[in-house]
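Listed below, chain by chain, are the residues.
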Amino acid sequence: PSSGCSPRKTMPTGLVYDEAMLAHDLGSSHHPECPQRISSIFQQLEEEKLVEKLVRVQARKATTEELTVLHTPEHVADMATVSALSPEERTKKAHSLDSIYLSAGTDDAALMAAGSLLELTTEVVAGKLSNGVAVIRPPGHHAEAHTAMGFCIYNNVALAAHHAVHKLGLERVLIVDWDVHHGNGTQHMFFESDKVLYFSIHRYDDGSFYPASADAAPGVVGQGPGRNHTVNVAWNKGGMGDREYLLAFGQVLLPIAREYRPQLVLVSAGFDAARGDPLGGCKVTPEGYGHLTHQLCALAGGKVIVALEGGYNLTSIKHSMASCTKVLMGQAPEDLEDLQFNKKVFESAVQSVNATIAAHASHWRTLLAVAEVRPEPEPTAAATATATAATDASAAADALARLSVGED
C-alpha cells in the first residue's frame, strides 16, 4: 500500500480543539448539531493515541476585524448580542433565521471556531506544521456575508482562505467541500475571485436538497475573474458512496487542481455524506474519507487542513475524522470495503460528473483530455480502476474512467 499524506512530510500535523466550542448548546432539547460532535471526535483521537502525536495549536477567538473581511459588521454585531438575550428572545431571533438555533454560548463558540482555524492556517502556511486538523463547531459553509444559516454562524473555512490570500500572501487556495450540502456561503464569497478555487461535491436532487438553490448546479461556474473557479459536482440522488466520490475526484477535482496548482488545500470536511448519517442519505465510509484525504495530499506540497463542517452520526464522524487524521500524519489509507467486483457506480453519478466536465472543459485544459466518462461494462475493469484510484492520485483520472456502471 501507498504511504500517507506525503513522503516529503517533515513537520508534524497540527490539531486545534477547545472545549469552549461546546458552549453552543440547546441543552436538553435535541439538535443534530450538538456539542458531542466535537467531543466524540476528540475522544476518538485520544483513544487511538493520536492526540499525543499531534501538535496542539492554541485555540483563540476571531476578532471583529478578522470577521468583517467577509461578514458584514451588522451580522457580527447581531451575533454579539445573543448572549445577553433572554431564552425567549433568542428563540425568536433563531426562528427569524434559516435553520439556526442560538444559545447563550453561541457567539463565543463561533468566534472560537473561526479564530482557531485562522491560527492553524497561519502555522501550516508558515511551514511550522505540515498539515492540520480542526475539530471545530459550529460549522460555517452555509453562513453568508450578512447572516447565519444552516447551523452555521461564521464561515470558518472561507475566512481561513481569505486570510491565507490577503494576510499570508498566497495566490491560489483550493477549498474542497465534501459536506453533503452545498456550501452556498463559501461559493458566494469567492464567486468572482481566481485566488480561491471552490470545489463542492454535494447532493442537489435537481435543486430540492438543502439549501435548495440553483446556485448548486453544475452549470454555475463563477463570474468575472472567478469564472470556472466554482466547480460543483451535484448528485441528483442519495446512496452515493466511496466509488462515486472517487470518480468525482479522479475525473474532475484532481485534473483541475493539478492545473490550478494550489498553495494550500482547505477541506470543508462535513461527514454527513457518511454511511449512517441521519440527514445525508449517502454511504461514504471512514476509509473512503481517508482515501479522499490521501489524494488531496498530492497537492500544495501536502499543505492540507481538514476542518469539520457537518456530520450528525457521532459514530460516523469520529471514525471518519480519525481516518483523515491518520492519513495526514503519514499513515497509509486503509482498504476500501466498498470496492468489490460486483458493485458498480451509479449511472446518475456518471451523469453528474459529466455535467460538471461539460461546464468546465473549455477552461481547464486537463479536462479536455478527460472529455467525459465513458465506462466499460466489465467488472474486472471496475476492480482495476478503483484499486488504482485508491492508491495513486496521479493516475486516478485515467483509471476511474474505466469504472463500470450500474442501474440507479
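Nothing here was measured: the structure is a model prediction, and the numbers come from that model.

About the criteria used
- Residues numbered from 1 in each chain as written.
- Predicted model: local features only at pLDDT ≥ 70, side-chain atom pairs only at ≥ 80, totals over all residues.
- Heavy atoms only, no water.
- Helix = DSSP H or I, 4+ residues; strand = E, 2+ residues; numbered from the N terminus.
- Contact = heavy atoms within 4.5 Å.
- Expected span 1.5 Å × (residues − 1).
- Buried < 20%, exposed > 50% of the residue type's maximum accessible area, 1.4 Å probe, protein only.
- Bend = angle between axes of the 7 residues up to and from the residue.
- Core = buried A, V, L, I, M, F, W, Y, C linked by side-chain atoms within 4.5 Å.
- Pairing = 2+ DSSP bridges.
- Right-handed = clockwise from strand over helix to strand, strands pointing away.
- pLDDT = per-residue confidence, 0-100.
- Axes fitted to C-alpha atoms, helices over the stretch in contact; angles between N-to-C directions.
- Left-handed = near helix turned anticlockwise from the far one by under 90°.
- Nonpolar A, V, L, I, M, F, W, Y, C, P; charged D, E, K, R; others polar.
- Polar contact = N/O pair within 3.5 Å; in protein donor to acceptor, adjacent residues only side chain to side chain.
- Phe/Tyr/Trp six-rings, centres within 6.5 Å; stacked < 30°, edge-to-face > 60°.

### A word on the side chain of Ser352
Here is step 1: Tracing the chain through its elements places Ser352 in helix α11 (residues 347-360).
Here is step 2: Look past the residues within four positions of Ser352 in its chain and what remains in contact with it is Ala234, Trp235 and Asn236.

### Notes on α11
Here is step 1: Across its 14 residues, α11 extends 21 Å between first and last C-alpha, which sits within 8% of the 20 Å expected from 1.5 Å per residue.
Here is step 2: Along α11, the residues that are buried comprise Ser348, Ala349, Val350, Ser352, Val353, Asn354, Thr356, Ile357 and His360.

### So, helix α8 (residues 242-260)
Here is step 1: Maximum bend of α8: about 40°, positioned at Phe249.
Here is step 2: Of all 19 residues in α8, 18 are buried, a share of seventy percent or more.

### A short note on the nonpolar core
Here is step 1: One finds Trp178, Phe199 and Leu296 to be the most contacted residues of the largest nonpolar core, which totals 114 residues.
Here is step 2: Dropping the residues within four chain positions of it, Leu296 is found in contact with Val176, Trp178, Phe249, Leu253, Val265, Val267 and Val304.
Here is step 3: Among the nonpolar cores identified, the runner-up in size contains 6 residues, and Phe191, Tyr204, Ala217 and Val220 belong to it.

### Topic: the pairing of strand β5 (residues 196-203)
Here is step 1: Of all the 8 residues making up β5, 8 are buried; the element is thus mostly covered by neighbouring parts of the structure.
Here is step 2: Residues Val196, Tyr198, Ser200 and His202 of β5 are buried on one face, and the alternating residues Leu197, Phe199, Ile201 and Arg203, pointing to the opposite face, are buried as well.
Here is step 3: Examined bridge by bridge, strand β4 (residues 173-177) and β5 share 5 bridges and lie parallel to one another. Paired with Val176 across the bridge in β5 is Phe199.
Here is step 4: Crossover β4 to β5 through helix α7 (residues 184-189) is right-handed.

### What about the confidence of the model for the chain?
Here is step 1: Per-residue pLDDT for the chain averages 90, and the proportion of residues at 70 or more is 87%.
Here is step 2: Considering only residues more than four positions removed or in separate chains, one finds that residues 376-404, a stretch of pLDDT under 50, has 65 contacts.

### Some remarks on the packing of helix α5 (residues 106-125) against helix α6 (residues 156-166)
Here is step 1: In contact at an axis separation of 9 Å, α5 and α6 are set at 35° when each is read in the N-to-C sense. Helix-helix and strand crossings are classified by hand; for α5 and α6 the assignment is right-handed. Seen from α5, the contacting residues are Ala110, Ala113, Ala114, Leu117, Leu118, Thr121 and Thr122; seen from α6, they are Asn156, Val157, Leu159, Ala160, His163 and Ala164.
Here is step 2: When the residues that make up the contact of α5 with α6 are grouped by side-chain class, the tally is 9 nonpolar, 4 polar and no charged.

### Brief notes about the side chain of Ser320
Here is step 1: Positionally, Ser320 belongs in helix α10 (residues 314-328).
Here is step 2: A distance of 2.7 Å separates the side chain of Ser320 from the backbone oxygen of Ser316, its partner in a polar contact.
Here is step 3: In contact with Ser320, not counting residues within four places along its chain, are Phe271, Ala274, Pro286 and Tyr289.

### Observations regarding the packing of aromatic side chains
Here is step 1: Summed over the entire model, instances satisfying the criterion amount to 8 aromatic pairs.
Here is step 2: Each ring, one from Trp178 and one from Tyr289, has its centre 5.4 Å from the other, and the planes form 40°; the classification is tilted. Of this pair, Trp178 sits in the loop between β4 and α7 while Tyr289 sits in helix α9 (residues 286-296), and the two are 111 residues apart along the sequence.
Here is step 3: Using a relative accessible area of 0% as the deciding quantity, one classes Tyr289 as buried.
Here is step 4: With 6.2 Å between their ring centres and 85° between their planes, Tyr260 and Trp364 make a pair best called edge-to-face. Note that Tyr260 is positioned in helix α8 and Trp364 in the loop between α11 and α12 (365-370), a separation of 104 residues in sequence.

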